[in-house]
Amino acid sequence: MIVTKLIKDKKDNYKVIIDNNNEYIFSSDIIVEYRLVEGKEITEAILNDAKLKNNISIYYNKALNYALTYNRTKSQMIDYLLKFDLSNNEISIIIDKLIKVKAVNDYDLIMNYTLCLVNKGYGKLMIEKKLYEHKFEKKDIKLAIENIDYDNYRKKLDEISRKKYESFTKESEYEKVVKVKKYLLSRGYSYEEISNIIF
């Protein structure tokens, strides 16, 4: 196979024409790395390798931008990359690169998100449910739940219990307690956690 023509576009990419009829778009980095100049003879293996690296480069940059616009989980990034015509190997390489530069960091993300949910007054059962909905890995969810700061968790539980209790002004004492406990159950607190609440 012979590189018969190179045509540069406005985005610093090149249209590479092989054997006068097959066209490929490559970044300037790939052109330099593989020395794809007019008249050069290349093998199919070199062409396939250049295509693979070019694909990874293009979709890595897309994925990086997507990851940085809003913190994304590894699973969300895989779902995003599956929309493109990429092989499992290409996706795996891109994900590894994103993890290496810490654009994707499930550990930090799950810990921060868990703390946020605690501060919003959610119980462990609801937190666990929300973490699964965000497609975090099971081992990370278990670790996040185990590492919840108990004092802060209990403080938030007491705060929302008292606030909810005080919002009921026409109910009897018994009705207030029943309604507060029902509310706390809906927030994901367990019976055990709410059984000893003092208003």
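Residues numbered from 1 in each chain as written. Predicted model: local features only at pLDDT ≥ 70, side-chain atom pairs only at ≥ 80, totals over all residues. Heavy atoms only, no water.

J.: Is there a simple way to think about the pairing of strand 2 (residues 13-18) in this case?
T.: Along any regular strand the residues' side chains alternate between the sheet's two faces. Taken together, the five bridges between strand 1 (residues 3-8) and strand 2 define a ladder with antiparallel strand orientation. Residue pairing across strands places K8 opposite Y14, the latter belonging to strand 2. Between strand 1 and strand 2, which pair antiparallel in sequence order, lie four residues; one of them, D12, sits at a positive phi of approximately 65°. Bridge analysis of strand 2 against strand 3 (residues 22-27) gives six bridges, and the strand direction is antiparallel. Looking at strand 3, one finds that Y14 is bridged to F26. (Pairing = 2+ DSSP bridges. Helix = DSSP H or I, 4+ residues; strand = E, 2+ residues; numbered from the N terminus.)

J.: What is the right way to read the pattern of salt bridges from this model?
T.: A side chain with one charge can pair with a side chain of the opposite charge if their charged atoms come near. Going through the model one piece at a time under the given rule, you end up with eleven salt bridges. We note a salt bridge from R154 to D158, for which the minimum N-O separation is 3.6 Å. Of this pair, R154 and D158 are both found in helix 8 (residues 150-167), four residues apart, which corresponds to roughly one turn of the helix. Note on D158: relative accessible area 29%, which makes it partly exposed. The closest approach of N and O atoms between E159 and K156, which form a salt bridge, is 3.5 Å. Linking E159 with K156, this pair stays in helix 8, spanning three residues, or about one helical turn. Overall, K156 belongs to the buried group, its relative accessible area being 17%. In this structure, a network of salt bridges that share partners links the residues K74, E137, K139 and D140. (Salt bridge = Lys/Arg side-chain N within 4 Å of Asp/Glu carboxyl O. Buried < 20%, exposed > 50% of the residue type's maximum accessible area, 1.4 Å probe, protein only.)

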